[in-house]
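Chain by chain, the residues run as shown.
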Amino acid sequence: MKAVILVGGFGTRLRPLTLSMPKPLVQFANKPMVLHQIEALKAVGVTEVILAVNYQPQIMSSFLEEYETKLGIKITCSQENEPLGTAGPLALAREKLLQSHGPFFVLNSDITCEYPLKEMLEFHKTHGGQASILVTKVDEPSRYGVVLLDEDTGRVKKFVEKPVAFVGNKINAGIYVLNPSVLERIPLKPTSLEQQVFPSVADEGQLYAMVSSGFWKDIGQPKDYLAGLRLYLDYMRRSCPSKLSAGPNIIGNVLIGDGANIGEGCVIGPDVVIGPGCVIESGVRLSSCTLMKGVRVKSSAHITASIIGWHSTIGQSVHVNSMAVLGEDVHVRDTMFLNGVVVLPHKEIKSHFMKPEVLM
Ligand code: GDD
Ligand code: MG
């Protein structure tokens, strides 16, 4: 069985991290986002993953080579010359997808969840329609594709992308199983699954939705990334608690990468991810944050509700909080106070910033 992961788009909502690498390669819980999906697909017997790319293809290609060997799964790139939207890439990969005859998976790359892929395949086989989508309930549905379904059969009555008026609270979770016949509806030009394909498949009574009971989050922007991380760490606590750290200075769920060094008298957690090779000096306080690979946090600094980019340095007694996002290689001088700022890569911060702003 094959799968397409939609890894295009410029990831603007996750800047400045996506100024250093394409969104699917940004680490989530110390693993590139897209790798969580590739592993889940491999676990249900997918043999080839096609990454639909329209941005920084060279970086994606070297990533593919590394993980093809590591995971023992074929990973290929399908390169668009212009962004083809969420459906056009399927037309581009048509030949490959038709090689294996049966249904195939399609995934958005910027989500985290429990990946109930096995259940979806069984669901798809039993209803006999052309397409299955995973749906989940959210409080604020207007940012998503909203699905109205027949509760008994799962048949989708209506699919509305980003509705202006309230339609319902069950939304498209961005994971699909499609029959090859769906490809006949998709021209090789910019086309939207959500705005064009799904509404018409639903009108013909061929679209079915499986409601997920597990956790789910779109992690395509910083606030949601950290909320998704909290859900993911909770899930790790239930499924593989030994991978989380424990100790007198650890509160709640904390994931620490290989070779990271934690000094004396630190208090770490809850909901913290520390990347490989980070150096945390003594008396540091970290909560609800992610430090990417190679970050150095000097003594007595406090970081909360923030993301710190690769190889950055946080000076002594610095406070970083309120959804600050620091890009790669940012250096914050000792004792600075950073509240909600977004800092572009390779900057040095020499003054306090009391309110959210973008530092170019
Ligand atoms: N190859 C390719 N080419 N991929 C693309 C393109 C493109 O032109 N445009 C977007 N993508 C990829 C993105 O990288 C992402 O993985 C996926 O398609 C969805 O695009 P987003 O830009 O993240 O869409 P969204 O978050 O606003 O909405 C989508 O996801 C929601 C769930 O998170 C829709 O599918 C909604 O219906 C859904 O509820
Ligand atoms: Mg998204």
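The residue count restarts for each chain, going from 1 along the sequence in the order it is written. Here every chain gets a letter starting at A, and every ligand a number starting at 1, in the order they are written. This being a predicted model, a pLDDT of at least 70 is required before a residue's local features are given, and a value of 80 or more before pairs of side-chain atoms are given or counted; all residues contribute to the totals for chains, interfaces and linings. With hydrogens and water stripped out, all remaining heavy atoms of the structure feed into the side-chain values.

(A) Region of the structure containing the nonpolar core. Among the nonpolar cores identified, the biggest contains 62 residues, and I5, I38, L41, L51, F105 and I175 are the most heavily contacted of them. Each domain's extent is set by a domain assignment, obtained either automatically or from a database. Residue assignment places this core across two domains, with domain 1 (2-218) and domain 2 (238-359) each supplying three or more. Excluding residues that lie within four positions of it along the chain, I38 makes contacts with I5, V49, F63, L71, I73 and I75. Within the second largest apolar cluster, 31 residues are counted, among which are I268, V284, V318 and I349. The definition of a nonpolar core used throughout is a set of buried Ala, Val, Leu, Ile, Met, Phe, Trp, Tyr and Cys residues joined through side-chain atoms within 4.5 Å. Only protein chains enter the accessibility calculation, which uses a 1.4 Å probe; a residue whose area is less than 20% of its type maximum is buried, one above 50% is exposed, and one in between is partly exposed. Throughout, a contact is declared for two residues whenever any of their heavy atoms are within 4.5 Å.

(B) Geometry of the UniProt feature "domain: Mannose-1-phosphate guanyltransferase C-terminal" (unreviewed entry) in the protein. UniProt positions are given in the numbering used here, feature names are shortened, and annotations may be inferred rather than shown by experiment. The UniProt record annotates "domain: Mannose-1-phosphate guanyltransferase C-terminal" (unreviewed entry) at residues 250-358. Within residues 250-358, the helical portion is 0% and the strand portion 41%, while the C-alpha atoms at the span's ends are 32 Å from each other. Strands here are runs of E lasting at least two residues and helices are runs of H or I lasting at least four, both read from the DSSP assignment and numbered beginning at the N terminus.

(C) Structural detail: the environment of N54. One can find N54 in the loop between β2 (48-53) and α2 (57-71). The class for N54 is buried, based on a relative accessible area of 16%. Spatially, the C-alpha atoms of N54 and C77 are 9.8 Å apart, while their sequence positions differ by 23 residues.

(D) Expanded view of the coordination of the magnesium ion (ligand 2). Taken together, the protein ligands of the magnesium ion (ligand 2) are D110 (OD) and D218 (OD), with distances of 2.1 to 2.7 Å. Of this pair, D110 sits in the loop between β4 (104-108) and β5 (111-113) while D218 sits in strand β11 (residues 216-218), and the two are 108 residues apart along the sequence. One exposure class covers both D110 and D218, and it is buried. Note that water is not among the atoms considered, so a metal site may appear incomplete; the donors listed are N, O and S atoms within 2.8 Å of the metal, with 3.2 Å applied to Na, K and Ca.

(E) Representation of the pattern of salt bridges within the structure. Throughout this description, the term salt bridge denotes a Lys or Arg side-chain nitrogen within 4 Å of a carboxyl oxygen of Asp or Glu. This structure, assessed with the given rule, holds 13 salt bridges. Here R238 ties to E114 by a salt bridge, and the two come within 3.3 Å at their closest N and O atoms. In this pair, R238 sits in helix α7 (residues 222-239) while E114 sits in the loop between β5 and α5 (117-127), placing the two residues 124 residues apart along the sequence. A relative accessible area of 57% places R238 in the exposed class.

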